[in-house]
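Summary of the model geometry
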Amino acid sequence: MNEGDLIRAVPLLPCRFDDGSVEALPVWRALVNSHRIVSLDVEVPTMLPAILRQLLLPIVLHALGSPRSRQEWGQRFDRGCFDAGEVEALDAYLVEYGDRFDVLHPVHPFGQVAGLRTKKGETKGAALLVATAPSGNNVPLFATRTEADALPLSLDAAVRWMLHTQCWDTAAIKTGVIGDPNAEKTGKTSGNPTGPLGQLGVVMPVGRTLYDTLLLNTPIGIQKRLGTPQWAKDPLGPQWKIRAPESVLDLWTWQSRRIRLMAESTQDGLVVSRVVVSAGDRFTVGVPVWETHTAWRKDKPDKRTGAAPLRPLRHTAGKAAWRGLDALLALEKENGAAQTSELIDQIAGLDAEGIIDVDYPLQVETFGIVYGNQSAVIEELIHDVVSVPVASLRGKGLAYEVVVDAAMQAEQLVNAINHLSADLRRSVGAAPIPWNKGMRPGEQLLTALDPLVRRLLAGVTADSRDEDKLTRGRAAWELMAFDAVHRCAAPLFALPAAAFNGRSEKSGSKEHHYKLGLAANRFHTSVNDTLGRASALRKRPHEEE
């Protein structure tokens, strides 16, 4: 093994194995043992898509190629691990590009620009790479550190945060460096966009093992647009370029920043305390429509061309991933306002041909960052994991209906309880709680419904072949949701006597009456209509009496 081949020698990836143990492994060993690794124990959830897109997936696809057909993909997937020939090919690949993975190489250090410096030789603290640490304008709420506190990083942690920065960095002003013509006058560059993943609502299918996850995120039949990763090209210069991504691997390893890690030897090994981070490449246009890791929304059709452009569907802070199942399951590209990701659509095709088991415990992880102050600060990291039954990807059938109906019913119940709250408040002369201020009862209901929906999704995955179990599971979900919405509603009825008589309000020429009885009737009717099965089941014992 080449001593300079640090990406194989440095423990870069904290891996959790199927026996519960955790060990930091270099990339080579992580790939070879990927069939035994169940997750990567990284510092923050948003680091996972950065490591997969900037490192692991490009290595595997560039070394082994994209599967040419669903059948070839299925053969790899059924095997559950890299075979001897693939292990040999991966080893040969890392040997061939070994010096390009050298984090400290004097000419082309991995993911960096050698000799990157400002005119005055200034550097910044390594906290600049850490999304959750105070640095410059980025001061996370409730942070325990200040910008003045040093934050030395081990070399492997610094590399992980460097990959995260390439994907998620904040926008706006960046340090000007020698060689960048856009920074020569002011010593800085402005108008920089966020990292490419910061412009998406990242959607990533996840399997039982790291090996499965790698394959679930491998597009099939993309030989013509596979391309090459950043490390297989000429070394980067400091100046940024405005261009369109050339290929999938170019997009995944996009260098949105120019970075230099200033490593120094200490008694604890190599440590990075200072860094240089400057502007990098920009897209000439928006996110390419062949981006693999996002769902899409359709804009209004252009009046001149009639075409409806696609925009990445961003995630909303505090909104559970299952509430976006309508977008994840939007497999019909011609209709509707949403369109699922290429990889989710691909899994649906694999299911349609019987290549992936309908009972496979597929999970989808969602990632995003909420930026503030012109995207110059990070306000919140978004992450969720939801079970997505493979059978529901068919866009039809009982499993699909159960999943979609549950998500829709939850939203309808939230609306029902929020309307109840508004009507009852008006009945005593108070204004409804604004949608963007305070805690509305619908939020409390979502908290109560969340574990019920997740339990239902797991049950649909396990019993997707058994229509009788699916029918019983759907009824059980509705009964539990019925109880949950009424428990959340009960405190709202604790009102003064004036609510019985209520009050009236005029809106234009119309007069609206608000009193407890009308509000209660409207609420119960809405819940019974939404949860028709539960309502019928609850009435049945009384009818039999």
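Structure's up top.
As a starting point, this report considers the structure included with it. Note that the structure is predicted; figures quoted are calculated from it, not measured.

Overview of the overall build of the chain
Per the secondary structure count, the chain includes 17 helices and 19 strands. Its C-alpha atoms give the chain a radius of gyration of 27 Å, near enough to 24 Å, the size a compact globule of 545 residues would have. Viewed in the frame of its principal axes, the chain has a C-alpha envelope of about 80 × 60 × 55 Å. For the chain, buried positions account for 50% of its 545 residues. Within the chain, contacts between residues separated by at least 24 positions form 70% of all contacts whose residues are at least 6 apart in sequence.

A few points about the packing of helix 12 (residues 398-427) against helix 16 (residues 516-530)
Packing of helix 12 against helix 16 brings their axes to within 9 Å, and their N-to-C directions diverge by 180°. With respect to their mutual orientation, helix 12 and helix 16 come out roughly antiparallel. For the pair helix 12 and helix 16, the contacting residues are Gln409, Gln412, Leu413, Ala416, Ile417, His419, Leu420, Asp423, Leu424 and Ser427 in the first and Leu516, Ala519, Ala520, Arg522, Phe523, Ser526, Val527 and Thr530 in the second. Grouping the amino acids of the contact of helix 12 with helix 16 by side-chain chemistry returns 10 nonpolar, 6 polar and 2 charged.

Some remarks on the sheet that holds strand 17 (residues 377-387)
With antiparallel pairing, the 3 strands of this open sheet are ordered in space as 8-16-17. Where the open sheet ends on each side, the last strands, each with one partner, are strand 8 (202-206) and strand 17. Adjacent strand axes in the sheet meet at a mean angle of 20°, parallel and antiparallel pairs treated alike. In the packing of helix 6 (residues 155-168) onto the sheet, the strands contacted are strand 8 and strand 16 (363-372), and the crossing angle to strand 16 comes to about 75°.

Observations regarding the pairing of strand 16
Counting buried residues in strand 16 gives 8 out of 10 residues, a clear majority hidden from the surface. Both strand 8 and strand 16 contribute to a ladder of 5 bridges, which runs antiparallel. Looking across to strand 16, one finds that Val206 is bridged to Gln363. Across 10 bridges, strand 16 lies against strand 17 in antiparallel orientation. Bridge assignment links Thr366 to a residue of strand 17, and that residue is Asp384. With antiparallel pairing between neighbouring strands as the criterion, strand 16 and strand 17 make up a hairpin whose turn holds 4 residues, including Asn373 at a positive phi of roughly 50°.

Examining the nonpolar core
The biggest cluster of nonpolar side chains holds 137 residues, and the ones touching the most others in it are Leu40, Leu56, Ile59 and Leu261. No other element matches helix 12, which puts 13 residues into this core. Discounting residues that sit within four places of it in the chain, Ile59 has contacts with Val27, Leu31, Leu90, Tyr93, Leu94, Phe101 and Trp231.

Overview of the packing of helix 14 (residues 467-489) against helix 16
Viewed as axis vectors pointing N to C, helix 14 and helix 16 meet at an angle of 160°, and their least axial separation amounts to 11 Å. Accordingly, the angle class assigned to the pair helix 14 and helix 16 is roughly antiparallel. For the pair helix 14 and helix 16, the sense of crossing is right-handed. Contacts between helix 14 and helix 16 involve Phe482, Val485, His486 and Ala489 from the former and Phe523, His524, Val527 and Asn528 from the latter. Classifying every residue of the contact of helix 14 with helix 16 by side-chain character gives 5 nonpolar, 3 polar and no charged.

Calculation notes
Residues numbered from 1 in each chain as written. Predicted model: local features only at pLDDT ≥ 70, side-chain atom pairs only at ≥ 80, totals over all residues. Heavy atoms only, no water. Helix = DSSP H or I, 4+ residues; strand = E, 2+ residues; numbered from the N terminus. Rg over C-alpha atoms; globule rule 2.2 N^0.38 Å. Buried < 20%, exposed > 50% of the residue type's maximum accessible area, 1.4 Å probe, protein only. Contact = heavy atoms within 4.5 Å. Axes fitted to C-alpha atoms, helices over the stretch in contact; angles between N-to-C directions. Parallel < 35°, antiparallel > 145°, perpendicular 65-115°, else oblique. Nonpolar A, V, L, I, M, F, W, Y, C, P; charged D, E, K, R; others polar. Pairing = 2+ DSSP bridges. Core = buried A, V, L, I, M, F, W, Y, C linked by side-chain atoms within 4.5 Å. Left-handed = near helix turned anticlockwise from the far one by under 90°.

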